[in-house]
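# Survey of secondary and tertiary structure
So the chains spell out like this:
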Amino acid sequence: FEQNDFRALKMLASLLHSEDMTTLAVACHDIGEFVSMHPLGKKMISNLQVKERVMELMGSVSPTYREVRREALLCCQKIMLNKWQDMDN
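Residues numbered from 1 in each chain as written. Predicted model: local features only at pLDDT ≥ 70, side-chain atom pairs only at ≥ 80, totals over all residues. Heavy atoms only, no water.

For the chain, the helix and strand inventory stands at 5 helices and 0 strands. When the elements of the chain are put in sequence order from the N terminus, they spell out α-α-α-α-α. Long-range contacts, defined as pairs at least 24 residues apart, comprise 56% of the intrachain contacts of the chain with a sequence gap of at least 6. Counting every atom, the chain has about 6100 Å² of accessible surface; 55% of that belongs to carbon and sulfur. (Helix = DSSP H or I, 4+ residues; strand = E, 2+ residues; numbered from the N terminus. Contact = heavy atoms within 4.5 Å. Areas by Shrake-Rupley, 256 points an atom, 1.4 Å probe, with all protein chains shown as cover.)

Shown next, in the form of structure tokens:
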């Protein structure tokens with residue numbers, strides 16, 4: 001992910017503005033996985049202002065956005081989760 005200044009992550013962030021429901025759901029899922037697996041995940045997401053867009057998707061009311069809302073919610077949980085290993089003693 002670090003290659004080319006986190007280019008892959010930036011591409012994922014740009015996909016959050018797609019009109020396609022499947023693309024939005026997959027982008028939310030992949031960003032959530034990145035946040036939970038990469039040591040700089042939360043920091044990079046914060047720098048790209050992704051959390052705000054994910055929260056917008058989480059609040060969409062259209063019935064066709066059901067899967068997008070679900071993946072956005074899971075992504076948001078991963079963004080906001082504080083792992084006990086990461087907390088200072």
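Okay, back to it.
Taken together, the buried positions of helix α4 (residues 50-58) are occupied by Val50, Arg53, Val54 and Leu57. All buried residues of α4 lie within an arc of 100 degrees about the axis, which places them on one face of the element. (Buried < 20%, exposed > 50% of the residue type's maximum accessible area, 1.4 Å probe, protein only. Arc of directions from axis to C-beta.)

Attention now moves to the side chain of Ser60. Mapped onto the secondary structure, Ser60 falls in the loop between α4 and α5 (66-80). At a separation of 2.9 Å, a polar atom in the side chain of Ser60 contacts the main-chain carbonyl oxygen of Leu57. For Ser60, the residues in contact, after removing those within four places along its chain, are Tyr65 and Arg69. (Polar contact = N/O pair within 3.5 Å; in protein donor to acceptor, adjacent residues only side chain to side chain.)

This part takes up unusual backbone geometry. Notably, Asp5 is not glycine yet its phi reads approximately 60 degrees, a positive angle. As for its position among the elements, Asp5 is in helix α1 (residues 3-15). Overall, Asp5 belongs to the exposed group, its relative accessible area being 53%. Even without being glycine, Phe6 reaches a positive phi, approximately 60 degrees. Topologically, Phe6 is positioned in helix α1.

Everything listed is a geometric property; what it means functionally is a separate question.
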